[in-house]
Amino acid sequence: MTTLTFYTHPFSRARVARWMLEETGLPYEEVILDYGTTMKAPEYLAINPMGKVPALRHDGVVVTENAAICLHLADLVPEKQLLPPPGSPGRGACYRWMLFAAGPLESFITARRHGALAPSAEAGYGNEADLMRTLEGALAGRTHLVGERFTVADLYMAALLGYYMRVGELAPTPVFEAYAATHLQRAAAQRANARDDALVAERAESA
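Computed from a predicted model, the values in this text were never measured in an experiment.

Participant: Outline helix 1 (residues 14-24), listing residues and values.
Facilitator: For helix 1, the tally of buried residues reaches 10 of 11 residues, placing the bulk of the element in the interior. Within helix 1 the residues assigned to the buried category are A14, V16, A17, R18, W19, M20, L21, E22, E23 and T24. Backbone geometry just downstream of helix 1 places G25 in the positive-phi region, at approximately 80°.

Participant: Hey, could you go over the side chain of N66 for me, with residue numbers and the actual values?
Facilitator: Tracing the sequence through the fold places N66 in helix 3 (residues 66-76). For N66, a relative accessible area of 7% translates into the label buried. Of the polar contacts made by the side chain of N66, one reaches the backbone oxygen of R13; its length is 2.7 Å. Leave out the neighbours within four places in its chain, and N66 touches R13, A14, V16, A17, P54 and Y156.

Participant: Let's hear about the nonpolar core: which residues, and what values?
Facilitator: Burial of nonpolar side chains together is a common tendency in soluble globular proteins. If you look at the biggest cluster of nonpolar residues, it comprises 63 residues, and the most contacted ones within it are W19, L105, L145, M157 and L161. Among the elements that take part in this core, helix 6 (residues 152-166) stands out by supplying 11 residues, more than any other. Contact partners of M157, with chain neighbours within four places excluded, come to W97, F100, A101, L105, L135, L145 and Y179.

Participant: Account for the environment of Y35, with residues named and values stated.
Facilitator: Relative to the assigned elements, Y35 resides in the loop between strand 2 (29-32) and helix 2 (42-45). Separated by 24 residues in the primary sequence, Y35 and F11 place their C-alpha atoms 9.8 Å from one another. A polar contact is formed between the side chain of Y35 and the backbone oxygen of F11, at a distance of 2.7 Å.

Participant: Outline the pairing of strand 1 (residues 4-8), supporting the account with residue identities and numerical values.
Facilitator: Taken across its five residues, strand 1 has five buried, putting it largely inside the fold. Burial along strand 1 is two-sided: L4, F6 and T8 and T5 and Y7, pointing in opposite directions, are all buried. Strand direction decides the pairing type here: strand 1 and strand 3 (residues 55-58), joined by four bridges, are antiparallel. Among the inter-strand pairings, T5 is bridged to a residue of strand 3, identified as R57. Direction of pairing for strand 1 relative to strand 2: parallel, over a ladder of four bridges. Paired with F6 across the two strands is E30, which belongs to strand 2. Each parallel crossover has a hand, and for strand 1 linked through helix 1 to strand 2 it is right-handed.

Participant: An account of the packing of aromatic side chains is needed here, citing residue identities and associated values.
Facilitator: Going through the model one piece at a time under the given rule, you end up with six aromatic pairs. When the centroid spacing of 5.3 Å and the interplanar angle of 70° are considered together, the rings of W97 and F100 count as edge-to-face. Of this pair, W97 and F100 both sit in helix 4 (residues 89-113), separated by three residues, roughly a single helical turn. For the pair W97 and F100, one class covers both residues: buried. Summarising the aromatic geometry, the rings of F108 and Y125 are spaced 5.6 Å apart at their centres and angled 70° between planes, so their arrangement reads as edge-to-face. Of this pair, F108 sits in helix 4 while Y125 sits in the loop between helix 4 and helix 5 (128-139), and the two are 17 residues apart along the sequence. Per residue, the accessibility class of F108 equals that of Y125, and both read buried. Over the ring of F150 we find R186, and its NZ or CZ is 3.7 Å from the ring centre.

About the cut-offs
Residues numbered from 1 in each chain as written. Predicted model: local features only at pLDDT ≥ 70, side-chain atom pairs only at ≥ 80, totals over all residues. Heavy atoms only, no water. Buried < 20%, exposed > 50% of the residue type's maximum accessible area, 1.4 Å probe, protein only. Helix = DSSP H or I, 4+ residues; strand = E, 2+ residues; numbered from the N terminus. Polar contact = N/O pair within 3.5 Å; in protein donor to acceptor, adjacent residues only side chain to side chain. Contact = heavy atoms within 4.5 Å. Core = buried A, V, L, I, M, F, W, Y, C linked by side-chain atoms within 4.5 Å. Pairing = 2+ DSSP bridges. Right-handed = clockwise from strand over helix to strand, strands pointing away. Phe/Tyr/Trp six-rings, centres within 6.5 Å; stacked < 30°, edge-to-face > 60°. Lys NZ or Arg CZ within 6 Å of the ring centre and 35° of its normal.

Structure below.
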């Protein structure tokens, strides 16, 4: 049986990976780490030298970075069809939008938050107008980014849009809201959020 160990913190990007774990239905062990202490301890740095979460250990192999974890997990459950078949146009489209979200979108929002936007000719995210036009064009009038069924690309994009709109980093346009809301209502998303919210509550009670 596949052994999956999930390293996480309830206030982190690891919420995205947990949602993906719940979509797979695979059993997993969770290890809750804390910022500045166990996340930077030698034991965890041996797993992820960046000292960040999420990380996933699968039968002795470590996978880090949310997009990579989600794609890896999708490959473990081909019967769920969370990724189109290898070599298909849909597979390429999934990769495109997953890495668009993980690369240009996340990089732009982080740089803008800290007032450190690079010149558009140098930055992988280009400029805000082009980025938002591309994103809205991909989502307008669509329920799914790729084809007619839910894929890992929808999970990743909906998770990011939902978070960035909630914290005020992204304007809640009708296109973004309609797209994200559909997927954030999935049963696996609800289970994942319930588990992380319970962890937050437990920490508040013990503080």
